Each structure stands twice: as structure tokens, then as C-alpha cells.
Amino acid sequence: MDRILVCFLLITLTSGCREEFVEIHFEKENSTDFNEQFFLVEKGRFEIDLDNKTGFAHRSMQINSTSNGEYFSFINEKTNTIYIHEVETSKLAYKVKLEHQGPNSVGNLQVASHTIINLDSIVVYNINTGGLYLTNTKSEIYWKENLLDYSGDSFGVNPEPAIFSPIVKINDDLFIACSIGRYLTDYSKTYSVLKFNLRSRNREYLYALPQVYNSGYWGTVFKYMPSFDFNPITRHIVLNYPIDPELHVMSLDGKEINRHYESSKYIESMKPLRTNISYGIKKDHGVLDTEQTEYSFSTSDFLRIIYDPYRNVYYRIAYIRPSIESLRTGNRNIDFSISILDANFIKKGERKFNGQIYKSSMVLLSSEGLNIARKDLYDSNEDLLSYTIFKLDKTKPE
Amino acid sequence: MKCFFNCCVLLVLLSSCKSEEENYIELTTSLSKVNVQLTEGETGVIIIPGAGSGCGSCISQATSYVLDYIDTLSSNVVFTGVVDMKLFRLEVGDDFLANPKVFIDKENHLMNTHVSSIYPRQLTFSGKKIKRVVDFNPY
């Protein structure tokens, strides 16, 4: 009896020992310690009227600069229609209705992305089917191509652009963010970007996930999704990864140029859900996992990088998520911060935004500044989509 | 050894009984915040999470089901986690929303109880207990 009791106690004690987590420790320089010189200051509104079939948030929203001016556009998933507004006047310029079925169809655009090259060239990507289409404001489909590749040459990634990681066109190439198709034990050949040439239709996969992803299992797939933007002055692409404080600078043919450390002053550390990377391939991903859900929605991360060619600065958006205790009481509000970096990636400012007022994923750059969507105003008027325009200022607001 | 084993069983039983009662109180408190009152005898409530909050196909099928059968349902229906009320209203119609059996959980109290789920659920109450939980999960 005594031996059984001792064994039981030993088993209980050893199984109660918690796994040691590897943490990414954040540095002070260029995160909490920086010379604050820039401020994001509210300077007006950009507003568009919404019809009775259009809601607030959409998976694909863009402001594109074309030879005809700046256009704000989004895909209305309910009606398979791209709405295109002139930024200068806010007026609706075009409604591009795309077919679900038939020879001129793009499928159901429930999960899709788009970008406007000009009014004769609109790229639409159907994420569910892998169909890439070139269309125009008359809904004519010029050509289509399938980007999904299960042959093995795709390195197990799926093109998955999103509102925070839109399709970027550079010369004759489209650069499209990729998400992981499956969990692995080594991500050194898991590429972040698909480069698709519009003329030759050739494709290349560029830039593997950073080494930090091999340090453990980081939970839900969105923790592995890159965001990037193009700097036309340096001709480099800058990549952001949710769990890496470093920004990665890449050439247009995928070579690493350098990396720059920057972090939000509101993020102290980051650690994986499991230090054992194999957990991801052993786990049954078809079963609801409360622990993973709570981890994913309570661990702050880096959402996006935006290059501002008008002011030659970068904006980095970080999700400042609620604590796990707060999440369990029902708080799903996500605050966010925007860091301002100069052309050399030196941090010059940071501002935090209340997630109950501003929508973190709906941040668009125009010549006027950063446009951030207002959730609170939509709650009081469902027929208006409002953005507050934030301009860069060297004077601290009162 | 037998005494030790019996103590373990008793502890497990006691902790599970307390958990059931807590779940009931937590759920009925959340329902009362949405003005759903449980009557005497056996009653039911169908809780449907909003699109994007869980199993998408399950949610749209459950929504279609309650739309078709609302007049004959004995359960109240509560929609929680609705992201865009404008689009939701467009989908189900004002007449449906005006039905006295239909409730909208605007503060999302029912998204975070111990019986919350990504699946639409029908819960049946009897006495002060959750008697039955059925997921609207076709898989």
C-alpha cells in the first residue's frame, strides 16, 4: 500500500511539471526605446455611401493609384461585385458584377482578393478555387490561370492574399502572399511569396519562413501568414511575419538583403504554443482545440507592414490582443498599434488604437495618409463607411 | 487501497456535480441578459453563433432551419456573435427578427460560456439542469 501511494505521488508530481517554453525576448532599442519624432494625427474623414446590400467589413479592400487617379475598391462577397469609388470625390465610379458560373465566371468570391492595375486591368484571385483572373470594369474576363499546385513544386504553400496582405504588382509580376498548406517539422523550404509573371505566366516561390518558425508550434495558421509591401525607391520588398519582431528585406528575385529589428512597445515577449514543433503534425486539426484558440487570440502579433511612398516611411501594425483571462470573460476586442519607421527602419513613433472604435484590418494608404475604418460610426449609421484619415506630423497632438 | 480509491471517485463526482450546476447558472444568467427566460418544465433554446464564429456550413444550415420552422418550434432561438447586423437583417428579414421567439445577443454573452460552441446547439432544460445538448453538425 505504501509503495503504491509513493508511486502515485511520484507520477502526479512529474506529470504536473510544465513544459519549459522558449520565449522570444524583445530588445528595448527600436521598440520601447526610440526617439519619438513622428505622430499620427487625425486630419479628416474619407466616407462612402453603402447600398442596402453592402456591409462594413470585406475581405478584399484596396486603395490603388492608377493613371486615372486613386480608387478605393472592395469585393462585396454577398453579390460577387467589385465596387470602385473615386477617392477624390468618394463617388461610386463602377460596379463590376462578376458571374458565379458559366464561361465568363470567376466562381463564388466569398474568399477572394483583388487589385486594380488600371480600369482595364483588374486582377481577381479566388482563394477557394485557386483561380486568378484578369478582368475589367465591363466584367469581361481576358484570361484565367489556376495558381493552386499540388504537384510538389509549390513547397506545400497556398497563395492566400488578404486585406492585410494584398496582391502587389511590380512591373509585369504579381507578388502574392502564401500561407502554409500543412504543418511541418522544418519550414526552411516553406516559401512566403508566389511571384507570378503576367506575360509568361511563369511562377516562382520566394523567401522561406524565418528560422523562428522552427523553434516550436505557433498555433493557428494565421500566425504563419506573411504580409509585405514594395519600396519603389530601393526596389526591395519588406516582409512582416506575425511572430517575428524582425522585418525582412528581400530583392525582387527572392534574395535576403538584410533584416531589421523593430517591435511594438506594447509587446513584451512571444512564445510558441508548444516548443515541440512536431506537435503540429501529430495534432488532429479537425477537432476544436480551446487551448489553441485561446493562445492564438491572446498572444499579440505583428499584422502588417505598409510602405508609404508619399512620405517615405513604413508603418507596422501590431495586434495588441487581450490577456487570456480577459478573453475568457468574453473580451474579444483587439486593440492595435501602428509604429512609424523611417526609410532606414529606425522607429520614430508609435500610436495605439482602440479596437472598439477602429478596425485594425481595414487600414488603407492613400495620398492623404493612413485611412483607418471606424466601427463605431458604422454602428450608428449602417449606410455609411467611414475612415478617419491620419496624417504624419512632427508635432505631438494635445 | 480501497479507501483511497473510493475517496478519488467521490472527489471526481463532487467536482463534476458542482461543474454541471455552475454551467447551468452561467448559461441561464447569460440567457437572462438577452431577455430569454426559461419557463417551468422542460424548455429549450437554440443558440446559433454568427457567421465567421464557427462552422460556417453548420451555421447557415441551422439558420435556414429556424427560418423555415420558427412558427412550429417550441424553443427560443438566440443568435450570438453577429458581426454585421445590417447584413444579418438582409439575410433573415425583419419579420423573422420581430418574432417573439427570436433574440439577438448583441453583447455576445453566449459566446463565452462553458457550453458555447462553434456549432449551433439546441439545449434542453429540465428542472435546474441542462438535460440535453445537441449540436447542429452534419459531419
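The structure displayed is predicted, hence computed values, not measured ones.

A. Region of interest: the confidence of the model for chain B. All names here are of chain B. In the predicted model, chain B carries a mean pLDDT of 81, and the fraction of residues at 70 or more is 81%. Per-residue pLDDT stays below 50 along residues 12-18; that stretch engages in zero contacts with residues further than four places along the chain or on separate chains. Among the prediction metrics, the complex's ipTM stands at 0.77, with pTM recorded as 0.87.

B. Looking closely at the interface of chain A and chain B. Contacts between the two partners involve 21 residues from chain A and, on the opposite side, eleven residues from chain B. Roughly 1,300 Å² is buried in total at the junction of chain A and chain B, and carbon and sulfur atoms are behind 61% of that figure. Taken together, the connections running from chain A to chain B amount to seven residue pairs in polar contact (both at pLDDT 80 or more). Breaking the side of chain A that touches chain B down by element, the ones donating at least two residues are α1 (2-15) and α4 (324-328) of chain A. For the side of chain A that touches chain B, the element with the highest residue contribution is α1 of chain A, accounting for three residues. Here the side of chain A that touches chain B is built from residues that sort into ten nonpolar, four polar and seven charged.

C. Examining the pairing of strand β10 (residues 141-146) of chain A more closely. All names here are of chain A. As paired strands, strand β9 (residues 131-135) and β10 are joined by five bridges and run antiparallel to one another. Bridged to Tyr-133 within β10 is Lys-144. Hairpin connection from β9 to β10: five residues lie between these consecutive antiparallel strands, with Ser-139 at a positive phi of about 65°.

D. Spotlight on the sheet that holds strand β6 (residues 92-97) of chain A. Residue and element names in this part refer to chain A. Judged by pairing direction, the sheet is antiparallel, and its four strands sit side by side in the order β3-β4-β5-β6 without closing on themselves. In this open sheet, the two strands that pair with only one neighbour each are β3 (61-66) and β6. Shown here is a sheet whose adjacent strand axes are inclined to one another by a mean of 20°, direction ignored. Bridge count for strand β5 (residues 81-86) against β6 is five bridges, and the pairing is antiparallel. Within β6, the residue paired with Tyr-83 across the bridge is Lys-95.

E. How the structure looks around the pattern of salt bridges. Residue and element names in this part refer to chain A. On inspection of all chains with the given rule, the structure shows 26 salt bridges over all chains. Asp-253 serves as the salt-bridge partner of Lys-255, at 3.4 Å between the closest nitrogen and oxygen. Among the charged side chains, a network of salt bridges with common partners joins Glu-262, Arg-316, Lys-347 and Glu-350.

F. Region of the structure containing the sheet that holds strand β26 (residues 370-374) of chain A. All names here are of chain A. The four strands are arranged β2-β27-β26-β25 in an open sheet whose pairing can be described as antiparallel. Lying at the two open borders of the sheet, with one neighbouring strand each, are β2 (39-49) and β25 (358-365). Averaged over all adjacent pairs, the angle separating strand axes in this sheet is 30°, with direction ignored. Across nine bridges, the pairing between β2 and strand β27 (residues 384-393) is antiparallel. Within β27, the position partnered with Glu-47 by the bridge is Ser-386.

G. Spotlight on the pairing of β5 of chain A. Residue and element names in this part refer to chain A. Among the six residues that make up β5, five are buried, leaving the element largely enclosed by the rest of the structure. The pairing of strand β4 (residues 69-76) with β5 spans six bridges and is antiparallel. Considered in β5, the bridge of Tyr-71 is made with Glu-86. Remark: four residues form the turn of the hairpin made by β4 and β5, two consecutive strands paired antiparallel; Asn-80 in that turn has positive phi of roughly 55°.

H. Fine view of the environment of Ser-121 of chain A. Residues and elements named next belong to chain A. Here Ser-121 lies in strand β8 (residues 121-126). Sequence spacing of Ser-121 and Asp-229 is 108 residues, and the spatial spacing of their C-alpha atoms is 20 Å. The contacts of Ser-121, once residues within four sequence positions are left out, are Thr-115, Ile-116, Leu-134 and Thr-135.

I. Layout of the side chain of Asp-84 of chain B. If you trace the backbone, Asp-84 of chain B turns up in the loop between β2 (76-80) and α3 (85-92). Buried and unpaired, Asp-84 of chain B has no salt bridge, with Lys-86 of chain B as the nearest side chain of opposite charge at 6.9 Å. Polar side-chain contacts of Asp-84 of chain B include one of 3.1 Å to the backbone nitrogen of Lys-86 of chain B. When near neighbours in sequence (up to four residues on either side) are disregarded, Asp-84 of chain B contacts Gly-55, Phe-56, Ala-57 and Tyr-378 of chain A.

J. Expanded view of unusual backbone geometry. Residue and element names in this part refer to chain A. Residues other than glycine seldom take positive phi values, yet Asn-80 does so here, at roughly 55°. Structurally, Asn-80 can be placed in the loop between β4 and β5. The residue Asn-312 is not glycine, and still its phi comes out positive at about 55°. Tracing the sequence through the fold places Asn-312 in the loop between β21 (301-308) and β22 (313-320).

Rules and cut-offs
- Residues numbered from 1 in each chain as written.
- Chains lettered and ligands numbered in written order.
- Predicted model: local features only at pLDDT ≥ 70, side-chain atom pairs only at ≥ 80, totals over all residues.
- Heavy atoms only, no water.
- pLDDT = per-residue confidence, 0-100.
- Contact = heavy atoms within 4.5 Å.
- Buried area = accessible area lost by both parts, 1.4 Å probe.
- Polar contact = N/O pair within 3.5 Å; in protein donor to acceptor, adjacent residues only side chain to side chain.
- Helix = DSSP H or I, 4+ residues; strand = E, 2+ residues; numbered from the N terminus.
- Nonpolar A, V, L, I, M, F, W, Y, C, P; charged D, E, K, R; others polar.
- Pairing = 2+ DSSP bridges.
- Axes fitted to C-alpha atoms, helices over the stretch in contact; angles between N-to-C directions.
- Salt bridge = Lys/Arg side-chain N within 4 Å of Asp/Glu carboxyl O.
- Buried < 20%, exposed > 50% of the residue type's maximum accessible area, 1.4 Å probe, protein only.
- Lys, Arg positive; Asp, Glu negative; His and termini not counted.

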